[in-house]
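# Topology and contacts: notes
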Amino acid sequence: QVQLVESGGGLVQAGDSLRLSCAASGGTLRGYVVGWFRQAPGKEREFVAGVTWNSGVLYRADSVKGRFTASRNGFLNTVYLQMSSLKPEDTAIYYCAATLQPGGVTTPSLYDYWGQGTQVTVSL
């Protein structure tokens, strides 16, 4: 069973950059789609970005296009979320998740494994 652990969150100012990491253990991420989601207080969990491990195909929500991108490191069995030009509305808990189902990348219910989340707070 795959375990996922996020890291890299913190408090930054608007316009700053931040890189989140999602380290997997207990198994390889080969064959998985790894997605990044976020959840702000009082809001539903929403898809942010993702990457198909085998092919490297990238996915991004419209709200973060041009600012966020996912990437992977096969040697480290780790997926990253590079965030730039951060805005206060990006404040949320960020989660990584993994699924073997290639369809519905943006759908949280289709993911099998989740990390515990890491807080990102963007101040003015």
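See above for the structure.
Residues numbered from 1 in each chain as written. Predicted model: local features only at pLDDT ≥ 70, side-chain atom pairs only at ≥ 80, totals over all residues. Heavy atoms only, no water.

Moving on: the overall build of the chain. Looking only at helices and strands, one finds zero helices and eleven strands in the chain. Ordered by position in the sequence, the α and β elements of the chain form the string β-β-β-β-β-β-β-β-β-β-β. Its C-alpha atoms give the chain a radius of gyration of 13 Å, near enough to 14 Å, the size a compact globule of 124 residues would have. Referenced to the eigenvectors of the C-alpha coordinate spread, the extents of the chain come out at roughly 40 × 25 × 25 Å. A burial count over the chain gives 42% of its 124 residues as buried. Counted over contacts in the chain with a minimum sequence separation of 6, partners at least 24 positions apart contribute 56%. (Helix = DSSP H or I, 4+ residues; strand = E, 2+ residues; numbered from the N terminus. Rg over C-alpha atoms; globule rule 2.2 N^0.38 Å. Buried < 20%, exposed > 50% of the residue type's maximum accessible area, 1.4 Å probe, protein only. Contact = heavy atoms within 4.5 Å.)

In the structure shown here, the tally under the stated rule is four salt bridges. Arg-38 is the salt-bridge partner of Glu-46, the closest N and O atoms lying 2.6 Å from each other. On the accessibility criterion, Glu-46 (35% relative accessible area) is partly exposed. For Arg-38, a relative accessible area of 7% gives the class buried. Through salt bridges that share partners, Arg-38, Glu-46, Arg-67 and Asp-90 make up one connected network. (Salt bridge = Lys/Arg side-chain N within 4 Å of Asp/Glu carboxyl O.)

Moving on to the sheet that holds strand S3 (residues 18-25). Sheet architecture is open: four strands sit in the order S1-S3-S8-S7, paired in antiparallel fashion. The open sheet has two free edges, formed respectively by strand S1 (3-7) and strand S7 (68-73), since each of these has just one partner strand. Neighbour to neighbour, the strand axes of the sheet diverge by 20 degrees on average, direction disregarded. Strand direction decides the pairing type here: S3 and strand S8 (residues 78-83), joined by six bridges, are antiparallel. Across the sheet, the residue bridging to Leu-18 is Met-83, located in S8. (Pairing = 2+ DSSP bridges. Axes fitted to C-alpha atoms, helices over the stretch in contact; angles between N-to-C directions.)

Next up on the list: the state of the cysteines. Applying the stated rule across the entire model yields one disulfide. Note on cysteine connectivity: Cys-22 is disulfide-linked to Cys-96, with sulfurs 2.0 Å apart. A torsion of 70 degrees about the S-S bond marks the disulfide between Cys-22 and Cys-96 as right-handed. Taken as a pair, Cys-22 in strand S3 and Cys-96 in strand S9 (residues 92-99) lie far apart in primary sequence, 74 residues in all. We classify Cys-96 as buried; its relative accessible area is 0%. (Disulfide = S-S within 2.5 Å.)

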